[in-house]
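Architecture at a glance
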Amino acid sequence: MNKQLRKTVIAGNWKMNKTPQETTQLIEEIKPLVANASCDIVVCVPYIDLHAALEATKGSNIYVGAENCHWEQNGAFTGEISAAMLSAIGVHYVIIGHSERRTYFGETDVTVNQRVRAALKEGLTVILCVGEYLEQREQGVTDELVAMQVKIALGGVSKEDLNNIIIAYEPVWAIGTGKTATAQQANEVCAVIRKTVAELYCENCANAITIQYGGSMNAKNADELLSQPDVDGGLIGGASLKAPDFAAIVAAASKS
Ligand code: PGA
């Protein structure tokens, strides 16, 4: 199986930026611009915006995702939202292990794994984020580190469930900084991730899994990044908040 047979997925990560009303507006702007896309499209929004996003995307080719979920189904976890709650309202995707969660909210590889398993159990598709800090890249440990993040996050995940996993390679130094990884750097680490999946599961599993790049992907650099053999899509922060830019990335993905 080669790149053409894998799903290309462009996902917006809106982070903490839009009110429900603004969510509806932005989705209405995006919808006509991406109506003819041949890739999968997801917008991941804050919990409070999920209802508005689900409503606005009804009947369109845009899926809705959350930006995190808790690993328990319910219980005394003030302020948290479970995967069961997300799937109950019709959410399809969830981002897990974003570097901002790891850096600012104490997420570890172990809690990432717990969240991944909980999300899969509820039938959600997981966008699992991995990636190195600049110091780690400079120390030459990127490949080992990313492979380790992938291995721990996928602990206890079955081959069948792998169909509901997308892995996003997001070098932390490239997120929100305007410093994009070169297409070659992005492809190299996506290939390392694919090799890790092959070792953990099987060659076919590795060939079938969608691996995104994320980190300052924009309308200008998307073409080159998305045309790399091991890059099957993008997780887009800043540029996903501007309808024409997001649509340009979707257009680039549709021909990659
Ligand atoms: P960015 O964010 O595109 O703004 O760099 C990407 C991400 O955090 O997923």
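This report concerns the structure included in the present document.

The rules we used
- Residues numbered from 1 in each chain as written.
- Predicted model: local features only at pLDDT ≥ 70, side-chain atom pairs only at ≥ 80, totals over all residues.
- Heavy atoms only, no water.
- 1 Å grid on protein atoms, 1.4 Å probe; cavity = no way out; pocket = protein on both sides within 12 Å on 5 of 7 lines; lining within 4 Å.
- Points joined across faces, edges and corners; volume = space filled by probe spheres on them.
- Helix = DSSP H or I, 4+ residues; strand = E, 2+ residues; numbered from the N terminus.
- Nonpolar A, V, L, I, M, F, W, Y, C, P; charged D, E, K, R; others polar.
- Near = heavy atom within 4 Å.
- Polar contact = N/O pair within 3.5 Å; in protein donor to acceptor, adjacent residues only side chain to side chain.
- Areas by Shrake-Rupley, 256 points an atom, 1.4 Å probe, with all protein chains shown as cover.

1. Description of the layout of surface pockets
What the largest pocket holds in volume is close to 430 Å³. Taken together, 16 residues form the lining of the largest pocket, with Lys 15, Met 16, Glu 67, Arg 101 and Phe 105 sitting closest to its centre. Among the elements that line the lining of the largest pocket, the one with the most residues is helix H4 (residues 99-104), at 3 residues. Here the residues of the lining of the largest pocket sort into 7 nonpolar, 4 polar and 5 charged. If you go around the second largest pocket, you meet 15 residues; those closest to its centre are Leu 162, Asn 163, Asn 164, Ile 165 and Ala 208. Here the residues of the lining of the second largest pocket sort into 8 nonpolar, 4 polar and 3 charged.

2. Quick word on the site of the ligand
For the ligand, the set of nearby residues contains 13 residues, the closest of which are Lys 15, His 98, Glu 170, Gly 176 and Ser 216. At a separation of 2.6 Å, an oxygen atom of the ligand approaches a polar side-chain atom of His 98. With the chains in place, 95% of the 280 Å² that the ligand exposes on its own is no longer accessible.

3. Points about the environment of Gly 155
With respect to the helices and strands, the residue Gly 155 is situated in the loop between helix H7 (142-153) and strand S6 (165-169). Considered as a pair, Gly 155 and Thr 111 are 44 residues apart in the sequence and their alpha carbons are 11 Å apart.

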